[in-house]
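Architecture and fold: a report
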Amino acid sequence: MVAPGSIKQSALFLKAGSNATGLPDKIRDRLAAAGVEALLLDHNRTAGPDYYSEPLQQCDVVIVLGGDGTILSAARAAGPLGIPVLGINLGTLGFLAEFEIDEWEPAIDMLLEGRLRVSARSMVNCQVDGQQRGVALNDVVITKSALSRMAGMELTVNGAPVSRFRADGLIISTPVGSTAYNLSAGGPIVQPGLDVLTITPICPHQLNLRPLVVPIESEIKVRIDDATEDCYLTLDGQLGWPAEPGSEIVIEPAPKPLILLEDPEQKFYETLKRKLGWGEHRAD
């Protein structure tokens, strides 16, 4: 739990256009009444974590007003700084947001009263040919471009060769990201809090290549085949770079997890049913 009275400075991380709802002003007033200052930060989808790191340095909590994309951007900025994140959904699905827009008042009250559950969510770090690319909360994805042939890749885990294969791409997903692109590509749903990563090929050429679950502390290396053309690397589907033939991409645990603030009454499987309709029986 976040101790009552421990929050003095907060940041409101805003989805583009969310000011139009008037919600940021209402939350700032609520925080101000409790003696908490609030800094407004507009979400820049293509900005890296360094864009936000300086204004966030003095903050005790980041309150995200937006959907999953906004929360992912906030996580990449706040996670490495160890700043807790609270999500209030202004988007459509908002799977990562703990509260909906009409629940903002109890959410802020629970924050100020120290009644939110503190959960650590694993993040991964990504390097390409020894150069740092950043951290990701959901996934690191390597894909071919729209017009290129299948990508050839060589996968190793902790130095042990796993497979050489051709596919439309590869997803390395955290448990948080298991319900995102990984799920669409046929990968498993992983309960948050488990210390694992999922490696899911995207439409592999061979039928005997299936998703693989490995310990979170694993060092995953993916080498792009020299003959491969036009590959692309993305972090959380937001930051991206070309992946050149012969490049070696290394994914390993980030130094710090994301600290997520949650409603202690919410359960993961209830969220799956409510937002994804998972496991529901539908009568004909």
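Residues numbered from 1 in each chain as written. Predicted model: local features only at pLDDT ≥ 70, side-chain atom pairs only at ≥ 80, totals over all residues. Heavy atoms only, no water.

**Observations concerning helix α1 (residues 23-33)**
Among all positions in α1, only L23, P24, I27 and L31 are buried. Taken end-on, α1 shows its buried residues confined to a sector of 95 degrees, consistent with a single buried face. Along α1, the residues that are exposed and aim more than 90 degrees away from the buried face are D29 and A33. Positive phi appears at G35, one or two residues downstream of α1, with a value of about 80 degrees. (Buried < 20%, exposed > 50% of the residue type's maximum accessible area, 1.4 Å probe, protein only. Helix = DSSP H or I, 4+ residues; strand = E, 2+ residues; numbered from the N terminus. Arc of directions from axis to C-beta.)

**With respect to the sheet that holds strand β15 (residues 220-224)**
Within a sheet, adjacent strands bond to each other through the backbone by hydrogen bonds, running parallel or antiparallel. With antiparallel pairing, the six strands of this open sheet are ordered in space as β8-β7-β18-β15-β10-β11. In the strand order of this sheet, the two ends are held by β8 (131-136) and β11 (160-167), each with one partner. When strand polarity is set aside, the average angle formed by the axes of neighbouring strands in this sheet is 20 degrees. (Pairing = 2+ DSSP bridges. Axes fitted to C-alpha atoms, helices over the stretch in contact; angles between N-to-C directions.)

**Digging into the sheet that holds strand β9 (residues 139-144)**
The sheet built from six strands is open, its strands ordered β14-β13-β12-β9-β16-β17 with antiparallel pairing. The open sheet has two free edges, formed respectively by β14 (212-215) and β17 (239-243), since each of these has just one partner strand. Strand-to-strand, the axes of this sheet are offset by a mean angle of 15 degrees, without reference to chain direction. When β9 meets strand β16 (residues 231-235), the two strands line up antiparallel, connected through five bridges. Across the sheet, the residue bridging to I142 is L233, located in β16.

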